[in-house]
Amino acid sequence: MKKGMIFDLDGVIVNTTFYHFKAWQYLAKQINIYFDISFNENLKGISRIESLEKILIYGDKEKIFNTTEKYILMAKKNDYYVKLLSKLSKRDIFPGVLDFIKQTRKKKIPCAIASASKNATLILERLNIKDYFNVIVDPYSVTNSKPNPEIFLMAANLINILPSEAIGFEDSQAGIDGLNKANIFSVGISSENNLVGAKLLVNSFKKINFEQLIMV
Ligand code: BG6
Ligand code: MG
């Protein structure tokens, strides 16, 4: 039986994808780079700096900005993103996910967050759901970003279970790859059939049978 759950935040618990997209689009426009929501798929699960690098490559501007300028660009994106987050509400939480977490906690199974976002704690506090999680692992606590397994291994360690005893939930390819490298049972949450290597793929937590899942 599995003994712990590790959740990604953006795209798994809360739908922040559009806010991230809007904020990157706003920033990119200022440096004459234009992209649409389909390009945004490439930015899921990866760090802020990696997202910026991908946007710059897409716009053929990867050699134009030095490190300091890149930090300024990222700060602008984040300021705008955080402003957009003021609109965040319980309505942005995906259907079924809180019931699933409540069921998990009732069974005394610990839950961890493993998020690539430096805004993870802010979002959890704003939605008043932080107390559901025993630990929050975010980029402030790790050196390597997804698909490196470090963040997931640390989360499993902090809830005192072996990776093989954990189940991880991810909406990004980088996340699924990281879970698989960590030897954690990977559940892909996606409405498209686009997560390669997920051990289980569902489009909603509503489709997950808790009792069956913990026996995998
Ligand atoms: C991930 C998102 O959770 O966090 C990415 O899927 C985002 O799209 C990354 O770039 C970093 O987020 P933040 O909030 O630290 O800029
Ligand atoms: Mg995600």
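- In the nomenclature of an unreviewed UniProt entry, the chain is known as Beta-phosphoglucomutase of Candidatus Arsenophonus lipoptenae.
- In its Sequence similarities (unreviewed entry) section, the UniProt entry covering the chain states "Belongs to the HAD-like hydrolase superfamily. CbbY/CbbZ/Gph/YieH family."

### Side note on helix α4 (residues 67–85)
Phase 1 of the analysis: Taking 1.5 Å of rise per residue, 19 residues should cover 27 Å, and α4 covers 26 Å from first to last C-alpha, within 8% of that figure.
Phase 2 of the analysis: Within the span of α4, buried status applies to K70, L73, M74, K77, N78, Y81, L84 and L85. Seen end-on, α4 carries its buried residues on one side only, within an arc spanning 135 degrees. Among the exposed residues of α4, those pointing more than 90 degrees away from its buried face are T68, Y71, D79 and K83.
Phase 3 of the analysis: Against the buried residues of α4 lie α1 (17–30), α3 (48–58) and α6 (120–126).
Phase 4 of the analysis: Capping of α4 at its N-terminal end is provided by N66; its side-chain oxygen lies 3.1 Å from the backbone amide nitrogen of T68.

### Things to note about the site of ligand 1
Phase 1 of the analysis: The environment of ligand 1 is formed by 14 residues, the closest being D10, R48, S117, K118 and N119.
Phase 2 of the analysis: Contact distances for ligand 1 include 3.4 Å between an oxygen atom and a side-chain N or O atom of S51.
Phase 3 of the analysis: In the model, an oxygen atom of ligand 1 is placed 2.7 Å from a nitrogen or oxygen of the N119 side chain.
Phase 4 of the analysis: Its free accessible area being 390 Å², ligand 1 has 96% of it covered by the protein chains.
Phase 5 of the analysis: Elements with a minimum of two residues in the shell around ligand 1: α3 and α4.
Phase 6 of the analysis: Inspection of the shell around ligand 1 shows a minimum of three residues originating in each of domain 1 (4–14 + 91–213) and domain 2 (17–87).

### Side note on the pattern of salt bridges
Phase 1 of the analysis: Per the counting criterion, the structure on display carries 7 salt bridges.
Phase 2 of the analysis: The partner of K3 in a salt bridge is E165, with the nearest N and O atoms 3.2 Å apart. Residue K3 is found in the segment before β1 (4–7), and its partner E165 is found in the loop between α7 (150–158) and β4 (166–170); the two are separated by 162 residues along the sequence.
Phase 3 of the analysis: As a salt-bridge pair, E211 and K107 come within 3.4 Å of each other at their nearest N and O atoms.

### Section: the nonpolar core
Phase 1 of the analysis: M5, F7, I13 and F169 are the most contacted members of the largest nonpolar core, which has 37 residues in total.
Phase 2 of the analysis: Top element by residues in this core is helix α5 (residues 97–106). It accounts for 4 residues.
Phase 3 of the analysis: Mapping this core onto the domain boundaries places at least three of its residues in each of domain 1 (4–14 + 91–213) and domain 2 (17–87).
Phase 4 of the analysis: Excluding its chain neighbours within four sequence positions, the residues that come into contact with I13 are F7, D8, D92, I93, F94, V97, I101, I113, I129 and F133.
Phase 5 of the analysis: A114, V137, F152 and I184 belong to the second largest nonpolar core, which has 16 residues in total.

About the thresholds
Once a new chain begins, its residue numbering starts again from 1 and follows that chain's sequence as written. In the order they appear in the text, chains get letters beginning with A and ligands get numbers beginning with 1. This being a predicted model, a pLDDT of at least 70 is required before a residue's local features are given, and a value of 80 or more before pairs of side-chain atoms are given or counted; all residues contribute to the totals for chains, interfaces and linings. Calculation of side-chain values draws on the structure's entire complement of heavy atoms; hydrogens and water are dropped beforehand. UniProt positions are given in the numbering used here, feature names are shortened, and annotations may be inferred rather than shown by experiment. Put simply, DSSP marks the helices as runs of H or I at least four residues long and the strands as runs of E at least two long, and each gets a number from the N terminus on. Residue count minus one, scaled by 1.5 Å, sets the expected span of a helix. We call a residue buried when its accessible area falls under 20% of the maximum for its residue type, exposed when it is over 50%, and partly exposed in between, using a 1.4 Å probe and counting protein chains only. The directions considered for the arc are those from the helix axis to the C-beta atoms. Should any heavy atoms of two residues lie within 4.5 Å, those residues are considered in contact. N or O atoms within 3.5 Å of each other form a polar contact, as long as, within protein, one can give a hydrogen and the other can take it, and as long as residues adjacent in sequence are counted only when both atoms are side-chain atoms. Proximity is defined per residue: if any heavy atom of the residue lies within 4 Å of a molecule or strand, that residue is considered near it. Here the accessible surface of atoms and residues is derived via Shrake-Rupley with a 1.4 Å probe, and residues count as covered only by protein chains that are part of the display. By convention here, the domain bounds are inherited from an automatic or database domain assignment. The rule for a salt bridge is simple: a side-chain nitrogen of Lys or Arg has to be within 4 Å of a carboxyl oxygen of Asp or Glu. What we call a nonpolar core is a set of buried Ala, Val, Leu, Ile, Met, Phe, Trp, Tyr and Cys residues that are connected through their side-chain atoms within 4.5 Å.

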